[in-house]
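# Structure at a glance
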Amino acid sequence: MARPEAEGESWTLPAANNGRRGVSGELLPAFGEPFPPSVGNIINPYDCRYRWWNGFLIVLVLYSAWASPFELALERAATTPLLVVDLVVDAFFAVDIAVSFSVAYFDRPANLFVDDRRKIATRCLTRPWFAMDVASTVPFHIIYRLVSGRSTGFRYLNLLRLWRLRRVSKLFARLEKDIRFNYFYTRVVKLIGVTLFALHSSACIFLWMAFHHRDKERTWLGSQVRDFTDRSVWVGYTCAVYWSITTLATVGYGDLHAVNPGEMAFATCYMLFNLGLTSYIIGNMTNLVVHAATNTFKMRDMVRRVSTFGSVNRLPRELREQMMASAQLRFNTGEVVQQQLLSDLPRALRSGIAQHLFRDTVERCYLFHGVSDGLVVQLVSEMTAEYFPPKADIVLQNETSTDCYIIVSGEVDVLATADDGREELVMKVGPNGMAGELGVIFGIPQPFTVRSRRLTEVVRIGQSHLLQMLGANTADADTVHANFVQYLKSLKEHVVDVPFVQDQLQNGAIFQRQPRNGAEIVRDQDARLGNEQYERRRYRPRVVIHDQFPGDGAEKTRNRPGGKLICLPESLQELMEIAEAKFGKAVRRVLTVDGAEVDDIAVLRDGDRLVLCW
């Protein structure tokens with residue numbers, strides 16, 4: 001994709017991935033670079049310096065959220081130094097409004113990263129909150145000082161600066177999606193911030209009511225503190241915060257209480273608001289705690305059900321211990337979460353993950369040394385990891401052979417049961433080894449029991465899937481057969497005291513059971529699965545095709561010489577192509593000699609005569 005060099009060009013995102021999402025959950029442009037480069041004087045919204053600028057503005061927003069209600073409630077607190085600080089803060093937000101006209105933006109509907117100044121300016125001016133941004137930046141407190149005595153309404157407009165709190169809301173929405181930050185603590189900080197702002201705002205309103213009442217003695221503060229208007233502003237603010245906290249916490253000591261009707265009305269509204277705020281806080285905290293303990297609850301419920309099942313069915317102690325260990329292991333290793341996650345992903349993505357995780361293990365396994373990459377890809381694409389705790393049975397002796405396993409990590413014991421019931425250790429198999437492949441390849445019940453020695457991770461290969469892959473790759477089938485024979489020869493040298501190995505390996509028994517080449521593997525697979533495709537490949541029906549002669553009847557067409565005998569292809573389209581090559585004309589329809597149109601090639605049988613329509 002060409003890189004735009006001039007200002008006014010737009011970056012087009014590839015439709016295949018429609019952008020990408022960063023760790024914070026934001027939709028980021030999907031270019032070769034991490035972010036699109038700046039063009040001219042246009043600012044990249046994902047630039048680190050611009051993000052630091054936004055972080056600095058968040059600090060100024062917090063100051064505005066505290067100062068605006070405080071200055072309104074206590075006019076004596078609005079001293080010259082504080083007014084200068086307010087003016088500087090307003091100047092920073094005015095600069096941010098000017099900077100926003102040079103910040104590129106991502107147009108989601110059009111899938112474009114726009115850096116055209118005209119489009120950026122149009123977007124900024126047409127946004128509904130642009131007027132509020134400008135109004136919250138105007139220094140109404142300075143205007144109030146200039147016109148003091150003629151209009152007192154300007155000081156209330158100073159509350160427009162609270163509009164800047166939406167920046168904090170956007171910040172927390174982004175942090176909650178950012179996996180680098182703990183979600184629990186992010187939500188807790190947000191809830192604390194909401195509570196503190198509610199306490200501060202209510203305290204300032206209640207303090208304003210005390211300072212602006214005609215009879216100062218008939219107020220909640222005047223009844224407790226004499227001459228409070230002449231005392232420090234922090235004395236009244238401390239009392240107001242104390243009253244706000246006791247009311248929010250539903251303590252209500254009664255030492256500070258509403259006196260006049262106006263204060264009673266506000267206290268009533270505030271207590272109703274506290275009902276909703278308390279419910280919001282309790283609901284969020286409950287949700288966070290329950291969410292954190294969900295996996296623990298699921299594991300305890302699973303363990304309880306396993307224990308109940310074992311008791312009701314009177315299972316032996318060894319089986320109960322294995323069931324309990326397997327149930328706990330699924331949660332400790334995250335196997336349940338992994339399976340759910342992979343099941344929700346597209347098939348191609350699941351296959352890519354499996355290739356990354358298990359391809360090296362399969363290539364190192366003795367059975368697949370030297371096979372083609374295509375066979376490895378087909379085998380690995382369907383694999384998922386399974387975990388077994390120590391002393392857990394992976395394969396049982398004499399069970400039906402349906403799967404074999406490749407050891408990814410850990411170690412297993414291969415055991416043989418003697419006539420007296422004792423288990424004898426045959427061998428140990430470590431990483432990249434196989435378990436259960438003897439019964440799968442020989443097509444007999446499993447000759448050994450395979451048991452894990454410690455925590456073991458394996459991948460499963462189904463018998464039907466393995467034979468299907470080998471049937472489609474005859475050269476790889478020969479390679480797998482040679483690897484298996486070589487493994488059994490080495491096994492015969494080391495394992496000489498097991499009757500099964502002696503019986504299978506003496507006098508070349510393996511060559512009688514194992515197909516000699518890939519073609520025999522295909523025939524054995526088709527016979528086992530009941531597949532009729534092999535017979536269709538071996539014997540293909542033959543039909544006679546005729547060109548159409550107007551006026552000829554069915555009987556005359558049957559006896560007419562000059563038709564062409566062909567082998568019936570796999571599809572009707574291929575039949576038409578063969579007819580076109582034979583007669584040199586494009587075929588539109590295929591009819592039987594009785595005039596019926598052929599719609600499906602499967603209905604035709606050996607010896608049928610067909611008439612072609614041009």
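Residues numbered from 1 in each chain as written. Predicted model: local features only at pLDDT ≥ 70, side-chain atom pairs only at ≥ 80, totals over all residues. Heavy atoms only, no water.

## With respect to the overall build of the protein chain
Looking only at helices and strands, the protein chain has 24 helices and 17 strands in total. By the burial criterion, 40% of the 614 residues in the protein chain qualify as buried. Pairs at least 24 apart in sequence give 67% of the contacts found in the protein chain among residues at least 6 apart. When the accessible area of the protein chain is evaluated, it comes to approximately 34700 Å², of which 57% is carbon and sulfur surface. (Helix = DSSP H or I, 4+ residues; strand = E, 2+ residues; numbered from the N terminus. Buried < 20%, exposed > 50% of the residue type's maximum accessible area, 1.4 Å probe, protein only. Contact = heavy atoms within 4.5 Å. Areas by Shrake-Rupley, 256 points an atom, 1.4 Å probe, with all protein chains shown as cover.)

## Overview of the pattern of salt bridges
Applying the stated rule across the entire model yields 25 salt bridges. Arg 305 is the salt-bridge partner of Asp 301, the closest N and O atoms lying 3.3 Å from each other. Taken as a pair, Asp 301 and Arg 305 lie in helix α11 (residues 294-312) at a separation of four residues, close to a single helical turn. Judged by relative accessible area, which is 30%, Asp 301 ranks as partly exposed. Between Arg 460 and Asp 403 there is a salt bridge, with the nearest N and O atoms lying 3.3 Å from each other. Of this pair, Arg 460 sits in strand β13 (residues 456-462) while Asp 403 sits in strand β8 (residues 403-409), and the two are 57 residues apart along the sequence. Classification of Arg 460 by relative accessible area gives partly exposed; the value is 33%. (Salt bridge = Lys/Arg side-chain N within 4 Å of Asp/Glu carboxyl O.)

## Here we look at the side chain of Asn 284
Within the secondary structure layout, Asn 284 lies in helix α10 (residues 261-292). Taking relative accessible area as the criterion, Asn 284 reaches 13% and is therefore assigned buried. If we skip the residues at most four places from it in the chain, Asn 284 touches Arg 187 and Leu 191.

## Examining the environment of Ser 232
By secondary structure assignment, the location of Ser 232 is in the loop between α8 (183-211) and α9 (233-248). Its relative accessible area of 39% is what places Ser 232 among the partly exposed residues. Ser 232 sits 155 residues away from Ala 77 along the chain, and the two C-alpha atoms are 9.4 Å apart.

## Thoughts on a negative patch on the surface
A surface patch of negative charge is lined by Asp 215, Glu 217, Asp 227 and Asp 230. Tracing the chain through its elements places Asp 215 in the loop between α8 and α9. (Patch = residues over 30% accessible without salt bridge, like charges linked within 9 Å, V, L, I, M, F, W, Y side chains within 5 Å. Lys, Arg positive; Asp, Glu negative; His and termini not counted. Charge placed at Lys NZ, Arg CZ, Asp CG, Glu CD.)

## Regarding empty space enclosed by the protein
For the structure shown, the criterion picks out five cavities of 30 Å³ or more. Lining the largest cavity are 14 residues, with Val 414, Gly 436, Glu 437, Leu 438 and Phe 448 positioned closest to its centre. Sorting the residues of the lining of the largest cavity by element identifies β11 (434-435) and α16 (437-442) as the ones contributing at least two each. Its residues assigned to classes, the lining of the largest cavity shows ten nonpolar, three polar and one charged. (1 Å grid on protein atoms, 1.4 Å probe; cavity = no way out; pocket = protein on both sides within 12 Å on 5 of 7 lines; lining within 4 Å. Points joined across faces, edges and corners; volume = space filled by probe spheres on them. Nonpolar A, V, L, I, M, F, W, Y, C, P; charged D, E, K, R; others polar.)

## Overview of the nonpolar core
With 52 residues, the main nonpolar core has Leu 367, Phe 368, Met 383 and Ile 406 as its most contacted residues. With six residues, helix α18 (residues 474-494) is the largest single contributor of residues to this core. Once residues lying within four places of it in the same chain are set aside, the contact partners of Met 383 are Ala 354, Phe 358, Val 362, Ile 406, Val 459, Arg 460 and Ile 461. (Core = buried A, V, L, I, M, F, W, Y, C linked by side-chain atoms within 4.5 Å.)

## A short note on the packing of aromatic side chains
In this description, an aromatic ring pair is defined by two values, namely the gap between the centres and the angle between the planes. A complete count under the given rule lists 19 aromatic pairs for this structure. The interplanar angle of 25° and the centroid separation of 4.8 Å between the aromatic rings of Phe 206 and Trp 220 together place this pair among those described as stacked. Of this pair, Phe 206 sits in helix α8 while Trp 220 sits in the loop between α8 and α9, and the two are 14 residues apart along the sequence. Trp 220 carries the same exposure label as Phe 206, and that label is buried. Residues Trp 234 and Tyr 237 carry aromatic rings whose centres are separated by 6.0 Å and whose planes lie at 85° to one another, so their mutual orientation is edge-to-face. Highlighted residues: Trp 234 and Tyr 237, both in helix α9, separated by three residues, approximately one helical turn. (Phe/Tyr/Trp six-rings, centres within 6.5 Å; stacked < 30°, edge-to-face > 60°.)

## Regarding the pairing of strand β6 (residues 385-388)
With burial as the criterion, each face of β6 is covered, one bearing Ala 385 and Tyr 387 and the other bearing Glu 386 and Phe 388. Examined bridge by bridge, β6 and β13 share four bridges and lie antiparallel to one another. Pairing of Glu 386 across the sheet is with Val 458, part of β13. (Pairing = 2+ DSSP bridges.)

## Considering the sheet that holds β6
Read from one edge to the other, the open sheet built from four strands follows the order β6-β13-β8-β11, with strand pairing classed as antiparallel. If you trace the sheet from one side to the other, it starts and ends with β6 and β11, each paired once. The pairing of β8 with β13 spans six bridges and is antiparallel. Looking at β13, one finds that Ser 409 is bridged to Glu 457. Each of β6, β8 and β13 touches helix α14 (residues 347-364); the most contacted strand, β8, lies at about 105° to it. (Axes fitted to C-alpha atoms, helices over the stretch in contact; angles between N-to-C directions.)

## Points about the side chain of Glu 437
Structurally, Glu 437 can be placed in helix α16. Buried and unpaired, Glu 437 has no salt bridge, with Arg 460 as the nearest side chain of opposite charge at 14 Å. Contact partners of Glu 437, with chain neighbours within four places excluded, come to Tyr 366, Cys 404, Phe 484 and Tyr 487.

## Section: the pairing of strand β9 (residues 412-417)
The buried fraction of β9 is high, at five of six residues. Two elements, β9 and strand β10 (residues 423-429), share six bridges in a ladder whose sense is antiparallel. Looking at β10, one finds that Val 414 is bridged to Met 427. Bridge count for β9 against strand β12 (residues 449-452) is four bridges, and the pairing is antiparallel. Opposite Val 414, over in β12, you have Val 450 as the bridge partner.

## Focus on the packing of α8 against α9
Where α8 meets α9, the closest approach of the two axes is 8 Å, and the angle between their N-to-C directions is 125°. As the angle between them shows, α8 and α9 are arranged oblique. The handedness of the crossing between α8 and α9 is right-handed. For the pair α8 and α9, the contacting residues are Thr 195, Leu 199, His 200, Ser 202, Ala 203, Cys 204, Phe 206 and Leu 207 in the first and Gly 236, Tyr 237, Ala 240, Val 241, Trp 243, Ser 244, Ile 245 and Leu 248 in the second. Along the lines of polarity and charge, the residues of the contact of α8 with α9 split into eleven nonpolar, five polar and no charged. (Parallel < 35°, antiparallel > 145°, perpendicular 65-115°, else oblique. Left-handed = near helix turned anticlockwise from the far one by under 90°.)

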